[in-house]
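Structural features, examined
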Amino acid sequence: MDNQPTVNTAGSVSVPPASAEKHHKYEFFKVVQGYLDEAAGVIGLPEYIQTILSQPKNEIIINFPVKMDDGTIRLFKGYRVQHNNLLGPYKGGIRYHESVSLDDVKALAAMMTWKCALMNLPLGGGKGGVKFDPNKVSREELQRITRRFFHALGSNIGPDTDIPAPDVGTDAKAMAWAMDTYMNTVGSLFRQSVKGVVTGKPVAVGGTLGREKATGQGLVYCIQEWAEERDFQLGGATLIVQGFGNVGSFTSLILSRLGASTIAVGDHTGYLYNPEGFNPHKLQDWVKKNRSIAGYPAGKSISREEFFKIKADILIPAALENQIGIEEAKNLQVKLVAEGANGPCSPEGEKILIERGIDILPDVLANAGGVTVSYYEWVQNKRSEHWTLEEVDERLEKAMQRAYREVVELARQKKCSMRVAAYAVALQRIASAYGERDIFP
Ligand code: NAD
């Protein structure tokens, strides 16, 4: 009997209480639909387009078994939501987190549609995820989960159909496993031509230079535009950063080169404060080795509540959605919230921030550097090219600056928030394409 496999569901893991409570109540997809409705009103979007965009095209749910290191079989629940492919193949990350739900993935997929349209990329919107805590499985288990999930996705993805990328809990290594799995399903004749099935891959297997830092880099380009408009000096500025994974750590690191110092950080294990400023290189290395900021020797441990009360110039939320609600928005003592994460402000939180005169660089614009460089990777894969880091950064900088100006301009014209303006610019582009193509048949 000892060797009999036992089946566990993947949902039996724990989340820090504060955010877990919020997550169960928060209807992220409704929030995104609310912004869609608002932006549609602002630009007079034809009703039939609003209706089409109000729901994803496809929602795929896969329950798949994986053999764990101890011989037991655990059942995982994975999602891929394909929101819209009018402008090109579905595009969006794969999230591994214990809070992943269909509602989150639908919201994130819709946001990818707006993001790609805003950045003028020939791509649509998608998102995926598997509900489990990647910190609680071994490297080998992580590989088997990834391969089994991507195998199960089968022909629902492909370089001209739907192109996943990293998100919370996944990285370049996971994309290498994903690509390898997909390549092994297409037959030897086509293997080399399907590298672009995922982006965010390691450079050695077809990734692009500059992709790992791209979201942080794009966020910094946006912050620079914001600072220039206000004559604000980033040299000597202070930051607080929630989430010190890919987006948070690279944003902190790149801003440190401009003279800005990170004085508080937080992640799923807790929060640290250091008025002298953290060394982002050392902290990033620590997190890469230890999977969290826990135990990092420099800095005083503080509560989540204290973190959101720290006086600083900029808050970089770079963890999850719904982190800045009413309470956090009332407590924050910053000039700018630059959204590295998707959906970090709740609508109620955002309202308070706006009333208090705190600027917000909205996710759809601010973190679009990731998908933009993913697009560059996809183009390089298609053309068998290798661009230099300078070339990638230069293109990204121009793309972020153009999008930033378009959003600011529309926000001024329509007297709406930057978030609604970012949605509106995207919707105008999508509406032009629907206008030309009409509806089949
Ligand atoms: P990551 O897995 O590299 O890092 C996530 C961070 O969030 C980690 O530090 C983790 O500890 C922290 N975190 C998780 N749960 C938390 C909790 N309950 N409280 C506080 N912190 C918590 O992920 P990432 O790729 O950096 O993504 C972060 C955010 O940025 C997500 O919202 C993601 O959708 C968004 N984003 C990522 C990219 C990208 O290219 N990776 C692009 C655009 C947007």
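Residues numbered from 1 in each chain as written. Predicted model: local features only at pLDDT ≥ 70, side-chain atom pairs only at ≥ 80, totals over all residues. Heavy atoms only, no water.

1. Description of the overall build of the protein
The condition is simple: The helix count covers DSSP runs of H or I at least four residues long, the strand count covers runs of E at least two residues long, and both are numbered beginning at the N terminus. Contact criterion: two residues are considered in contact whenever any of their non-hydrogen atoms come within 4.5 Å of each other. Computed with the Shrake-Rupley method and a 1.4 Å probe, the accessible areas treat only the protein chains shown as cover for residues. Here the positive residues are Lys and Arg and the negative ones are Asp and Glu; neither His nor the chain ends is included. Charge placement uses NZ in Lys and CZ in Arg. For Asp and Glu, CG and CD serve respectively.
The number of helices and strands found in the protein is 16 helices and 13 strands. Taking the principal axes of the C-alpha coordinates as reference, the protein spans close to 60 × 60 × 45 Å. Long-range contacts, defined here as pairs at least 24 residues apart, represent 70% of the contacts in the protein between residues at least 6 apart. Put simply, the protein shows about 18500 Å² of open surface, and 51% of that area lies on carbon and sulfur atoms. Positive and negative side-chain charges of the protein, numbering 51 and 51 respectively, have mean locations separated by a distance of 3 Å.

2. A look at the packing of helix H8 (residues 246–257) against helix H9 (residues 280–290)
The line we're drawing: Only the contacting stretch of a helix is used when fitting its axis, a line to C-alpha atoms as for every element, and angles between N-to-C directions run 0 to 180 degrees. An angle below 35 degrees is read as roughly parallel, one above 145 as roughly antiparallel, one from 65 to 115 as roughly perpendicular, and any other as oblique. Handedness of each helix crossing follows the sense of rotation of the near helix against the far helix: counterclockwise by less than a right angle gives left-handed, clockwise gives right-handed. Amino acid classes used here: Ala, Val, Leu, Ile, Met, Phe, Trp, Tyr, Cys and Pro are nonpolar; Asp, Glu, Lys and Arg are charged; the rest, including Gly, are polar.
Here H8 crosses H9 at 165°, and the two axes come no closer than 9 Å. Our classification of the angle between H8 and H9 gives roughly antiparallel. Remark: the crossing between H8 and H9 carries left-handed chirality. Residues Ser249, Phe250, Ser252, Leu253, Ser256 and Arg257 of H8 pack against Pro280, His281 and Gln284 of H9. Here the contact of H8 with H9 is composed, by residue class, of three nonpolar, five polar and one charged.

3. Quick look at the pattern of salt bridges
Quick note on the threshold: Throughout this description, the term salt bridge denotes a Lys or Arg side-chain nitrogen within 4 Å of a carboxyl oxygen of Asp or Glu. We call a residue buried when its accessible area falls under 20% of the maximum for its residue type, exposed when it is over 50%, and partly exposed in between, using a 1.4 Å probe and counting protein chains only.
Applying the stated criterion across every chain yields a total of 28 salt bridges. Arginine 383 serves as the salt-bridge partner of glutamate 385, at 3.6 Å between the closest nitrogen and oxygen. The closest approach of N and O atoms between glutamate 391 and arginine 395, which form a salt bridge, is 3.6 Å. Highlighted residues: glutamate 391 and arginine 395, both in helix H15 (residues 389–414), separated by four residues, approximately one helical turn. Overall, the relative accessible area of 31% leaves glutamate 391 in the partly exposed class. Residues joined in a network through salt bridges with shared partners are Arg95, Lys127, Asp167 and Glu321.

4. Things to note about the pairing of strand S9 (residues 270–273)
Worth spelling out the cut-off: Here the rule is simple: two strands pair whenever DSSP picks up at least two bridges between them.
Where strand S8 (residues 261–267) meets S9, four bridges bridge the pair, whose relative direction is antiparallel. Bridge pairing in S9 links aspartate 267 to glycine 270. In this structure, S9 lies alongside strand S10 (residues 300–302), joined through three bridges in antiparallel fashion. Pairing of leucine 272 across the sheet is with serine 301, part of S10.

5. A word on the UniProt feature "site: Important for catalysis" (unreviewed entry) in the protein
Just so we agree on the cut-off: UniProt positions are given in the numbering used here, feature names are shortened, and annotations may be inferred rather than shown by experiment. Definition of a polar contact: a pair of N or O atoms within 3.5 Å, with one able to donate and the other able to accept a hydrogen when the atoms are protein atoms, and with sequence-neighbouring residues admitted only if both atoms are side-chain atoms.
When the UniProt feature table is mapped onto this chain, "site: Important for catalysis" (unreviewed entry) is found at Asp167. Residues within four places of aspartate 167 in sequence aside, it is in contact with Gly93, Ile94, Arg95, Lys127 and Asn342. There is a polar contact of 3.1 Å between the side chain of aspartate 167 and the side chain of lysine 127.

6. Overview of the environment of arginine 429
With respect to the element layout, arginine 429 can be found in helix H16 (residues 418–437). Sequence-wise, arginine 429 and asparagine 120 are 309 residues apart; in three dimensions their C-alpha atoms are separated by 8.0 Å. A distance of 2.9 Å separates a polar side-chain atom of arginine 429 from the backbone oxygen of leucine 118.

7. Some details on the confidence of the model for the protein
In low-pLDDT segments, the atomic positions of the prediction should not be examined closely. To be explicit about the condition: pLDDT is a per-residue confidence score from the predictor, ranging from 0 to 100.
Taken as a whole, the protein shows an average pLDDT of 94; of its residues, 95% reach a score of 70 or greater. A low-confidence stretch, residues 1–23 (pLDDT under 50), is modelled with 37 contacts involving residues beyond four sequence positions or located in other chains.

8. A look at the nonpolar core
For clarity, the cut-off: Definition of nonpolar core: a set of buried residues of the types Ala, Val, Leu, Ile, Met, Phe, Trp, Tyr and Cys, connected through side-chain atoms within 4.5 Å.
Membership of the largest hydrophobic core comes to 92 residues, with the highest contact counts inside it found for Trp114, Leu118, Ile223, Ile316 and Leu361. The biggest single contributor to this core is H16, with 13 residues. Met68, Ile94, Phe150 and Leu153 belong to the second-largest nonpolar core, a separate cluster that totals 27 residues.

9. Brief notes about the site of the ligand
Definition in use: Distances are taken per atom, and a residue is near a molecule or strand as soon as one of its heavy atoms is within 4 Å of it.
Of all residues adjacent to the ligand, which total 25 residues, the nearest are Asp167, Gly169, Thr215, Asn246 and His268. Between alanine 319 and the ligand, the recorded distance is 3.1 Å, taken from a backbone N or O atom to an oxygen atom. Burial of the ligand by the protein chains amounts to 91% of its free accessible area of 830 Å². At the level of secondary structure, the elements contributing two or more residues to the shell around the ligand comprise strand S4 (90–97) and H8. Across the shell around the ligand, the residue classes tally to nine nonpolar, 12 polar and four charged.

10. Some details on unusual backbone geometry
Note that the residue after phenylalanine 440, namely proline 441, is joined by a cis bond; omega there is 5°. Of note, proline 441 is situated in the segment after H16. A positive phi is found at aspartate 438, a non-glycine position, where the angle reads about 60°. Mapped onto the elements of the fold, aspartate 438 is located in the segment after H16. On the basis of relative accessibility, which here comes to 52%, the residue aspartate 438 falls in the exposed class.

11. Observations concerning the pairing of strand S11 (residues 314–317)
With burial as the criterion, each face of S11 is covered, one bearing Ile314 and Ile316 and the other bearing Leu315 and Pro317. Direction of pairing for strand S7 (residues 238–242) relative to S11: parallel, over a ladder of four bridges. Counted as the bridge partner of isoleucine 240 is leucine 315 from S11. One ladder, built from two bridges, connects S11 with strand S12 (residues 336–338); its direction is parallel. Paired with leucine 315 across the two strands is valine 337, which belongs to S12.

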